[in-house]
Amino acid sequence: MRIGMGYDVHRLTEGRKLILGGVDIPYEKGLLGHSDADVLIHAVMDALLGAAGLDDIGKHFPDTDERYRGISSIRLLEYVRELLKAQGLAVGNIDATVIAQRPKMRPYIDQMRKNMADALEIPVENINVKATTEEGLGFTGEGLGIAAQAICLIS
C-alpha cells in the first residue's frame, strides 16, 4: 500500500468558468489556469501520482503544452488512471478538501464524487470530498483564490 498527498491552488478571476470536481458551478468568477484549472482534481491527481512515484501533474501536463490548454481535468484524471493501471496499481480511497470562502460547495459535492469515481473507475463510496472556509483569512478567505488538498491510498 502507498499513500500520496496533493495540493493545488488557483486564483479566481472574471471571465472564466468555475469548475470543481468536473462540475460547472454557477459563480461570478472562475479559476485562472492553462487547463480548466480544476483545483480539486489537480490535487487528487498529484496525490495519486505521488503515491505511485510518478512525479506530478506539472511533468505530465505542462502548462507550456498547447494540447492541455482549456482541457477538462476529468480527461487528465482518466490519463492518470491509465498510468496507475500500467504500473499495476489500483486506487483504494481518496479524501479531499476544497478550501473556499464562496461559493457554497455542499450542493455540488455528490456530483464531484461521482465524476471522479467514474473517471477513475472506482466506487463512489471510495471518494470523499469536504469543503471548508478559512473564516475570512488568507487568500482563500479573502476570495482571491480556491485551494484543494487530497490524500489517497493505492495498492
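Here, the structure is the one placed above.
It should be emphasised that the depicted structure is a prediction, and the values quoted were computed from it without experimental measurement.

Thresholds, definitions, all that
- Residues numbered from 1 in each chain as written.
- Predicted model: local features only at pLDDT ≥ 70, side-chain atom pairs only at ≥ 80, totals over all residues.
- Heavy atoms only, no water.
- Helix = DSSP H or I, 4+ residues; strand = E, 2+ residues; numbered from the N terminus.
- Rg over C-alpha atoms; globule rule 2.2 N^0.38 Å.
- Buried < 20%, exposed > 50% of the residue type's maximum accessible area, 1.4 Å probe, protein only.
- Contact = heavy atoms within 4.5 Å.
- Areas by Shrake-Rupley, 256 points an atom, 1.4 Å probe, with all protein chains shown as cover.
- Lys, Arg positive; Asp, Glu negative; His and termini not counted.
- Charge placed at Lys NZ, Arg CZ, Asp CG, Glu CD.
- Expected span 1.5 Å × (residues − 1).
- Core = buried A, V, L, I, M, F, W, Y, C linked by side-chain atoms within 4.5 Å.
- Salt bridge = Lys/Arg side-chain N within 4 Å of Asp/Glu carboxyl O.
- Phe/Tyr/Trp six-rings, centres within 6.5 Å; stacked < 30°, edge-to-face > 60°.

### Notes on the overall build of the protein chain
Stage number 1. Broken down by element type, the protein chain carries five helices and seven strands.
Stage number 2. Written out in order from the N terminus, the α and β elements of the protein chain read β-β-β-β-α-α-α-β-α-β-α-β.
Stage number 3. Taken over C-alpha atoms, the radius of gyration comes to 15 Å for the protein chain, in line with the 15 Å a tight globule of 155 residues would show.
Stage number 4. Counting only C-alpha atoms, the protein chain reaches 40 × 35 × 25 Å along its principal axes.
Stage number 5. Counting all 155 residues of the protein chain, 50% fall into the buried class.
Stage number 6. Considering only intrachain contacts with a sequence separation of at least 6, the fraction spanning at least 24 residues in the protein chain is 69%.
Stage number 7. Of the roughly 7700 Å² of accessible surface on the protein chain, a fraction of 50% belongs to carbon and sulfur atoms.
Stage number 8. Across the protein chain, the 17 positively charged side chains and the 22 negatively charged ones have centroids separated by 2 Å.

### Observations concerning helix 1 (residues 39–52)
Stage number 1. Along its 14 residues, helix 1 runs 20 Å from first to last C-alpha, staying within 8% of the 20 Å computed at 1.5 Å per residue.
Stage number 2. Burial runs high along helix 1: 13 of the 14 residues are buried.

### Some words on the nonpolar core
Stage number 1. Leu20, Val44, Leu48, Leu77, Met112, Ile146 and Ile154 are the most contacted members of the largest nonpolar core, which has 50 residues in total.
Stage number 2. Listed by contribution, the elements that provide at least two residues to this core are strand 2 (18–20), strand 3 (23–25), helix 1, helix 3 (73–86), strand 5 (91–99), helix 4 (109–120), strand 6 (127–132) and strand 7 (145–154).
Stage number 3. The element that contributes the greatest number of residues to this core is helix 1, accounting for eleven residues.

### Quick look at the pattern of salt bridges
Stage number 1. Per the stated rule, a full pass over the model turns up twelve salt bridges.
Stage number 2. Here Lys17 ties to Asp24 by a salt bridge, and the two come within 3.5 Å at their closest N and O atoms.
Stage number 3. The closest approach of N and O atoms between Lys85 and Glu121, which form a salt bridge, is 2.7 Å. Separated by 36 residues along the polypeptide, Lys85 in helix 3 and Glu121 in the loop between helix 4 and strand 6 bring together distant segments of the chain.
Stage number 4. What emerges from the salt-bridge pattern is a single network uniting Arg81, Glu82, Lys85 and Glu121.

### Looking at the packing of aromatic side chains
Stage number 1. Enumeration over the complete set of coordinates arrives at two aromatic pairs.
Stage number 2. Ring geometry for Phe61 versus Tyr68: centroids 5.4 Å apart, planes at 80°, classification edge-to-face.
Stage number 3. The class for Tyr68 is buried, based on a relative accessible area of 13%.
Stage number 4. When the ring of Phe61 is compared with that of Tyr79, the centres are 5.4 Å apart and the planes differ by 70°; the resulting orientation is edge-to-face. In this pair, Phe61 sits in the loop between helix 2 (57–60) and helix 3 while Tyr79 sits in helix 3, placing the two residues 18 residues apart along the sequence.
Stage number 5. Owing to a relative accessible area of 10%, Phe61 belongs among the buried residues under this scheme.

Coordinates in, geometry out; function isn't part of it.
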